[in-house]
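# A closer look at the structure
For reference, the chains in residue letters:
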Amino acid sequence: MDMNEKRLLGKGVAALVLWTAVYAANDSLAAWLTYGLLGLAPESTAGGAVHFFVYDTVKILLLLGLMVYGVAFARAGLRTERLRARLAGTRRGVGYALGAAFGAVTPFCSCSSIPLFVGFTTAKIPFGITMSFLITSPMINEIAVIMLGSLLGWPFALAYVATGMLAGIAGGLFMDAIRADRWLRPLAKPKPGLVELRPICACGAAPSPRPSWEERHRFALGETRNIFRKVAPWAVAGVGVGALLHGYVPEAWVVEHLGAGQWWTVPAAAAAGIPLYANVTGVVPVLESLLLKGVPAGTALAFCLGTVAVSLPELLMLRQVMRGKLLALFLGVLFVFCTLAGWLFNATPLLSLSGTL
């Protein structure tokens, strides 16, 4: 380790210590701001809503900054050409799992998923594997997992990951079984030769093939700034909605309409979430508020999964590479898995518990 690397490591340790101190003081900071500076009563509706907003906003933004930097630093040396070769040469069963796993750790900006999907299909990677990636990518990412574990408990977060991975694997297998690749548009048809799979987006230029620590740091820092700028507004908006639900929507009304756990509430919640457009970072606080209000875990999860699994911009992009039949089938698969996941979570008492609720 040379002197520059030692200096960089020292700065990293100092930054992590500062981050830990702020994270530990967050609850006290939120209480002081809400009940001390603003003078709101702890038992009041406004006091509960403001405290929820301040505490969750600071907590989520801290987690967001740390995790995006860490993942970007680790991912700086990722070579998608090797990944393509690995996916193209593996057995189908393993390939579905690898495609879903890669979707779960896809770069956090959504603009990466569609170019990578097109790159996979044109590079002759089996279509089911690319669909495993596309289905899992918007549902799971490392930031969402950390937020879910911190806010709702690790049993819930791990079950969420397992459900999303299963959806990607089963969805890819189903797409291959019915030969859904026949409904791809020419743009996404397999082409001879290799293609460059690095996503085309504004997340910053990729580092050199063998980056140094300094290069990886610069790449991670630039990616953190760009992603934070795009994602932070969604996180704050999501916390705002969650705070309104937490403070102003009567618990009795929510329990009466959504808390009884009728079977039809799950598909209804999934169908209601699909047309909406939200980032997964902004949806997690809404999920937390729904659970606090007494909504069954599966019903709340079906709504949030439907919201993050697909969006209007994504559909418009996919329309360029998928024919209408394939696009409708893709939406149908997502709806079915959101509904099945909701029913599963409602039927499993452990998943309704969370470590912090």
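The following refers to the structure shown. (Residues numbered from 1 in each chain as written. Predicted model: local features only at pLDDT ≥ 70, side-chain atom pairs only at ≥ 80, totals over all residues. Heavy atoms only, no water.)

## As for the pattern of salt bridges
Applying the stated rule across the entire model yields one salt bridge. In this structure, Arg218 and Glu214 form a salt bridge, with 3.7 Å as the shortest nitrogen-oxygen distance. Remark: Glu214 and Arg218 occur in helix 10 (residues 213-248); sequence separation between them is four residues, near one turn of the helix. Classification of Glu214 by relative accessible area gives partly exposed; the value is 35%. (Salt bridge = Lys/Arg side-chain N within 4 Å of Asp/Glu carboxyl O. Helix = DSSP H or I, 4+ residues; strand = E, 2+ residues; numbered from the N terminus. Buried < 20%, exposed > 50% of the residue type's maximum accessible area, 1.4 Å probe, protein only.)

## Describing helix 7 (residues 127-139)
In this model, helix 7 (13 residues) spans 19 Å end to end at C-alpha, consistent with the 18 Å of a helix rising 1.5 Å per residue. Burial runs high along helix 7: 13 of the 13 residues are buried. (Expected span 1.5 Å × (residues − 1).)

## Considering the packing of helix 9 (residues 154-177) against helix 16 (residues 324-347)
Remark: helix 9 packs on helix 16, axes separated minimally by 10 Å, with the N-to-C direction vectors making an angle of 145 degrees. Relative to helix 16, helix 9 is oriented so that their crossing is right-handed. Listed contacts from helix 16 to Phe156, Ala159, Tyr160, Thr163, Ala167, Ala170, Gly171, Phe174 and Met175 of helix 9 are Leu326, Leu329, Phe330, Val333, Phe337, Ala341, Leu344 and Phe345. Looking at the contact of helix 9 with helix 16, its residues break down into 15 nonpolar, two polar and no charged. (Axes fitted to C-alpha atoms, helices over the stretch in contact; angles between N-to-C directions. Left-handed = near helix turned anticlockwise from the far one by under 90°. Contact = heavy atoms within 4.5 Å. Nonpolar A, V, L, I, M, F, W, Y, C, P; charged D, E, K, R; others polar.)

## Some details on helix 14 (residues 297-309)
Between its terminal C-alpha atoms helix 14 stretches 17 Å, which fits the 18 Å expected from 13 residues at 1.5 Å a residue. With 12 of 13 residues buried, helix 14 is to be regarded as a mostly interior element. Those residues of helix 14 lying buried are Ala297, Gly298, Thr299, Ala300, Leu301, Ala302, Cys304, Leu305, Gly306, Thr307, Val308 and Ala309.

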